[in-house]
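# Summary of structural features
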Amino acid sequence: MIDTVIIGGGPAGLSAALVLGRAKRSVYLFDDANPRNQVTQHSHGYLTQDGVTPTQFRQKALADLRKYPSIKWGQQRVETIKKQDDGTFRVNSEGTEVIARKILLATGLKDVLPDVPNIHDFYGTSLYPCPFCDGWELRDQPLIVISENDHASMFTTLITNWSRDVVLATNGKSVLSAEQKASFASRNIQVVEEKIQALEGKDGQLKQIQFSNGRVIERAGGFITSTLTQASLLADRLGCKENENGGYDTDGFGQTTVSGVYATGDMTMNQAPQLLLAAADGSMAAAGIVKALAVEDFEMN
Ligand SMILES: Cc1cc2nc3c(=O)[nH]c(=O)nc-3n(C[C@H](O)[C@H](O)[C@H](O)COP(=O)(O)OP(=O)(O)OC[C@H]3O[C@@H](n4cnc5c(N)ncnc54)[C@H](O)[C@@H]3O)c2cc1C
């Protein structure tokens, strides 16, 4: 029997494994190595790790975990988790079965991008979801904001922190009030409501945006508002209660509404989606698990 099975080896799951390993707890970490930021070349804003690639981050984290013999991991996708009558969990992953006292879900989120042709060619290389992550690299350049939803106005305003040369493209949607349009016009921020026909560029570097009315504008990169969805249905299947943000209800230490099932990182939607915050959340959840296990063991002996 393993003390904790962690599903997800992003910063949240990896940080949790470190805390559990250092607490002498046995851990099995399953990860199918498809984190949300897989498409990006460099990660920013994580003190001491600024500019690392997602692969380097993972390799450094695994090097840290190797120091703790009670931590095992497998590059596998977990398919099912069943809570058993005695309160333990049966975890199945590509032929491997593990019984665990606690489950920690750290499965992350996925982006659903605006419906724009070939947007995936530029996502993570010159079009990004988060200015705090990549705004510095695009500072003071001619930028596009692609937003089809009601975040368009606030998000575009935020982007002006990094560049004053911003065009907002709503891709055929009407998402701004007359007042918001007037406010942008008075600040020389163009709003283009035509549908985007094509994004042009090379090797992930955006150069031009073509609109359905034939208009073409040149841009060096930009930001998009994506819709975030859960990367895994495991929490739903276990019966964890959702919160109003589309994540899961947890107490301050990751415990969900299902006893023994913890959730952490982006998937809880309790904090901004950032590597450092996900890692911190993973540490907190692991501390909660260690405490729960210690209390159980203390009371049994
Ligand atoms: C393009 C882009 C660029 C970004 N750049 C930055 C940046 O520069 N700085 C920053 O702070 N943040 C950045 N982010 C945000 C950052 O990626 C997330 O906040 C962070 O990855 C969340 O960590 P997590 O551990 O919660 O989830 P993730 O990192 O998404 O990890 C979840 C893991 O769980 C695994 N998994 C899911 N389901 C299963 C299953 N059933 N079985 C096994 N494994 C499973 C996945 O494969 C994945 O490896 C960026 C995001 C994007 C999209």
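Fair warning: this is a prediction, and the values are worked out from it, not measured in the lab.

A rise of 1.5 Å per residue sets the reference length of helix α1 (residues 11-22), with its 12 residues, at 16 Å; its end C-alpha atoms lie 16 Å apart and thus fit the reference within 8%. A large share of α1 lies buried, amounting to nine of its 12 residues. Inspection of α1 places Pro11, Ala12, Gly13, Leu14, Ser15, Ala16, Ala17, Leu20 and Gly21 among the buried residues, and these make up the whole buried set. Its buried side turned inward, α1 meets β1 (2-7), β2 (27-30), α2 (54-65), β3 (71-74), β6 (96-105) and α7 (275-300). Positioned one or two residues after α1, Lys24 has a phi angle of 65 degrees, which is positive.

Moving on, we get to the site of the ligand. By nearness alone, 36 residues border the ligand, and Asp31, Asp32, Asn34, His44 and Leu275 come closest of all. Asn34 has a polar backbone atom sitting 2.8 Å from an oxygen atom of the ligand. In the model, an oxygen atom of the ligand is placed 3.5 Å from a nitrogen or oxygen of the Pro35 main chain. In isolation the ligand exposes 990 Å². Once the protein is present, 99% of that is buried. When grouped by side-chain class, the residues that make up the shell around the ligand number 16 nonpolar, 14 polar and six charged. Counting contributing residues, the shell around the ligand receives three or more from each of domain 1 (2-110 + 228-300) and domain 2 (114-224).

Right, let's get into the domain arrangement of the protein. Partitioning the protein into domains gives domain 1 (2-110 + 228-300) and domain 2 (114-224). Once you take the C-alpha centre of each, domain 1 and domain 2 turn out to be 34 Å apart. Counting residues at the interface gives seven residues for domain 1 and 10 residues for domain 2. Carbon and sulfur atoms make up 45% of the surface buried where domain 1 meets domain 2, a total of about 610 Å² over both sides. Summed over the three residues of domain 1 that lose the most area to domain 2, namely Val39, His44 and Gln274, the buried surface amounts to 63% of that side. At the boundary of domain 1 with domain 2, the tally comes to zero salt bridges. Scanning the region where domain 1 abuts domain 2 turns up four residue pairs in polar contact (both at pLDDT 80 or more).

By the definition in use, this model includes four aromatic pairs. Between Tyr128 and Phe223, the ring centres sit 6.3 Å apart and the planes meet at 45 degrees, which makes this aromatic pair tilted. A residue pair is termed long-range when its members are at least 10 positions apart, and Tyr128 in strand β8 (residues 127-128) and Phe223 in strand β15 (residues 221-224) qualify at 95 residues. Here Arg139 stacks its cationic end above the ring of Trp136, 3.7 Å away from the centre of that ring.

Let's shift gears to the UniProt feature "domain: FAD/NAD(P)-binding" (unreviewed entry) in the protein. The feature "domain: FAD/NAD(P)-binding" (unreviewed entry), as given by UniProt, occupies residues 3-279 in the numbering adopted here. Between the end C-alpha atoms of residues 3-279 there is a gap of 20 Å, over a span that is 19% helix and 28% strand.

So, about the environment of Gln230. Tracing the backbone through its elements, the reader meets Gln230 in strand β16 (residues 227-230). Distance in space between the C-alpha atoms of Gln230 and His151 is 20 Å, their sequence separation being 79 residues. Leaving out residues up to four positions away in the same chain, Gln230 has contacts with Gly108, Leu109, Gly246, Gly247, Tyr248 and Met267. Engagement of the side chain of Gln230 in a polar contact is seen with the backbone oxygen of Gly246, the distance being 3.1 Å.

Looking at the secondary structure, you find Thr170 in the loop between β10 (166-169) and α5 (178-185). Within polar-contact distance, the side chain of Thr170 engages the backbone oxygen of Lys173 at 2.6 Å. Discounting chain neighbours no more than four positions away, the residues touching Thr170 are Ser147, Glu148, Val175, Val191, Val192 and Glu193.

Taken in spatial order, the three strands of this open sheet run β12-β13-β14, and their pairing is antiparallel. Single-partner strands in this sheet number two, and they are β12 (196-202) and β14 (216-218). Pairs of neighbouring strands in the sheet enclose a mean axial angle of 25 degrees, with direction left out of account. Judged from the three bridges that link them, strand β13 (residues 205-211) and β14 form a sheet pairing that is antiparallel. Bridging across to β14, Gln210 finds its partner in Val216.

Reading the values: rules and limits
Residues numbered from 1 in each chain as written. Predicted model: local features only at pLDDT ≥ 70, side-chain atom pairs only at ≥ 80, totals over all residues. Heavy atoms only, no water. Helix = DSSP H or I, 4+ residues; strand = E, 2+ residues; numbered from the N terminus. Expected span 1.5 Å × (residues − 1). Buried < 20%, exposed > 50% of the residue type's maximum accessible area, 1.4 Å probe, protein only. Contact = heavy atoms within 4.5 Å. Near = heavy atom within 4 Å. Polar contact = N/O pair within 3.5 Å; in protein donor to acceptor, adjacent residues only side chain to side chain. Areas by Shrake-Rupley, 256 points an atom, 1.4 Å probe, with all protein chains shown as cover. Nonpolar A, V, L, I, M, F, W, Y, C, P; charged D, E, K, R; others polar. Domains from an automatic or database assignment. Buried area = accessible area lost by both parts, 1.4 Å probe. Salt bridge = Lys/Arg side-chain N within 4 Å of Asp/Glu carboxyl O. Phe/Tyr/Trp six-rings, centres within 6.5 Å; stacked < 30°, edge-to-face > 60°. Lys NZ or Arg CZ within 6 Å of the ring centre and 35° of its normal. UniProt positions renumbered as here; feature names shortened; annotations may be inferred. Pairing = 2+ DSSP bridges. Axes fitted to C-alpha atoms, helices over the stretch in contact; angles between N-to-C directions.

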